[in-house]
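These are the residues of each chain, in order.
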Amino acid sequence: MTRPHEEVFGRSLEFGERPALILIDLMRAYFEPGAELYMGSRDCLDSAARVLSAARAAGVPVVHTRVAFGPGGVDGGLFFRKVAPLRHLVGDGPLGELMPEVAPEPGELVIVKQYASAFFGTSLASTLTALRVDTLVIAGVSTSGCVRATAVDGIQHGFAPIVVRQAVGDRDPAPHQANLFDIQAKYGEVWDEPDVIARL
């Protein structure tokens, strides 16, 4: 007999005492009408901006990520070959710009990455460890790609991932919901925006 899902995956991770906010790839490529990666909604961006404001007010460390590749996608490997729209993120073109609603302030780290996870091939883990962070609040895009990959790597590096439900988005509601389900079950916690803001 198969046990109920809630019985198998019913445990929760605590929101720790030293959170950091990571904003994943909130770039123009996802919010510019007509762009190949355009998501068709700004709701997650607006939510992320509110969470960012709360984090700044609370003095919580903030990390931004964006994607950029070298000439011809030389540093993107098979991922660059697999996902055709990534060709628009070679160099520092306009689609790679972070949206003004969540633009970094002086002193906020911006990590440039080439793959889905914000941890892969970057200094994120060592930076968070040096800051003695125990909890990673995650907002950004996309839920089924870079958000999920970052949550999975976050728990593997010893940080409790807290994904903000309203502050993450995807181009399709089906993978969005499926990946929130998986993250809550196995890789972290999915919290609503008001609860995250209150906790920060």
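Our subject in this report is the structure included herewith. Since this is a predicted model, take the numbers as computed values, not measurements. (Residues numbered from 1 in each chain as written. Predicted model: local features only at pLDDT ≥ 70, side-chain atom pairs only at ≥ 80, totals over all residues. Heavy atoms only, no water.)

### What about the environment of L26?
- Looking at the secondary structure, you find L26 in the loop between β1 (19–24) and α2 (28–31).
- In this structure L26 comes out as buried when scored by relative accessible area, which is 2%.
- Considered as a pair, L26 and R66 are 40 residues apart in the sequence and their alpha carbons are 7.2 Å apart.
- Excluding residues that lie within four positions of it along the chain, L26 makes contacts with F31, L45, A48, T65, E97, L98, M99, V102, G140 and V141. (Helix = DSSP H or I, 4+ residues; strand = E, 2+ residues; numbered from the N terminus. Buried < 20%, exposed > 50% of the residue type's maximum accessible area, 1.4 Å probe, protein only. Contact = heavy atoms within 4.5 Å.)

### Quick notes on unusual backbone geometry
- A cis amide bond links V141 to the next residue, S142, at an omega of -15 degrees.
- One can find S142 in the loop between β4 (135–141) and α6 (143–156).
- At R132, a position not held by glycine, the phi torsion is positive, near 60 degrees.
- One can find R132 in the loop between α5 (124–130) and β4.
- Looking at R132, the relative accessible area reads 62%, which means it is exposed.

### Re the sheet that holds strand β6 (residues 189–191)
- In space, the six strands of this open sheet follow the order β3-β2-β1-β4-β5-β6, with parallel pairing throughout. Each edge of the sheet is formed by a strand with only one pairing partner; in this case those strands are β3 (109–113) and β6. Ignoring strand direction, the axes of neighbouring strands in this sheet form an average angle of 25 degrees.
- When β1 meets β4, the two strands line up parallel, connected through six bridges. When the sheet's bridge partners are listed, P19 is paired in β4 with T135.
- Each of β5 (160–169) and β6 touches helix α7 (residues 173–187); the most contacted strand, β5, lies at about 165 degrees to it. (Pairing = 2+ DSSP bridges. Axes fitted to C-alpha atoms, helices over the stretch in contact; angles between N-to-C directions.)

### A few points about the pattern of salt bridges
- Tallied over the full model, the rule gives twelve salt bridges.
- Here E36 ties to R87 by a salt bridge, and the two come within 2.8 Å at their closest N and O atoms. In this pair, E36 sits in the loop between α2 and α3 (43–58) while R87 sits in the loop between α4 (77–82) and β3, placing the two residues 51 residues apart along the sequence.
- Looking at E36, the relative accessible area reads 38%, which means it is partly exposed.
- Linked by salt bridges that have partners in common, R28, E32 and E97 make up one network. (Salt bridge = Lys/Arg side-chain N within 4 Å of Asp/Glu carboxyl O.)

### What to know about α7
- Helix length check: α7, at 15 residues, gives a terminal C-alpha distance of 20 Å against a target of 21 Å (1.5 Å per residue), a fit within 8%.
- Next to the buried residues of α7 lie α1 (5–8), α6, β5 and β6.
- At the N-terminal end of α7, a side-chain oxygen is found 2.8 Å from the backbone nitrogen of A174, two or three residues along, and the residue is D172. (Expected span 1.5 Å × (residues − 1). Polar contact = N/O pair within 3.5 Å; in protein donor to acceptor, adjacent residues only side chain to side chain.)

### Describing the packing of aromatic side chains
- Evaluated as defined, the whole model comprises five aromatic pairs.
- Measuring from ring centre to ring centre gives 5.0 Å for F69 and F80, while their planes differ by 70 degrees; the resulting arrangement is edge-to-face. With F69 in the loop between β2 (62–67) and α4 and F80 in helix α4, the pair connects residues that are eleven residues apart, well separated along the chain. Exposure class is identical for F69 and F80. Each is buried.
- Ring geometry for Y115 versus F120: centroids 5.2 Å apart, planes at 75 degrees, classification edge-to-face. (Phe/Tyr/Trp six-rings, centres within 6.5 Å; stacked < 30°, edge-to-face > 60°.)

### Some remarks on the nonpolar core
- In this structure, L21, L23, L26, F31, V102 and V137 are the most contacted members of the largest nonpolar core, which totals 33 residues.
- Secondary-structure elements contributing two or more residues to this core are β1, α2, α3, β2, β4 and β5.
- Listed in part, the 22 residues of the second largest apolar core include A20, L128, L136 and I183. (Core = buried A, V, L, I, M, F, W, Y, C linked by side-chain atoms within 4.5 Å.)

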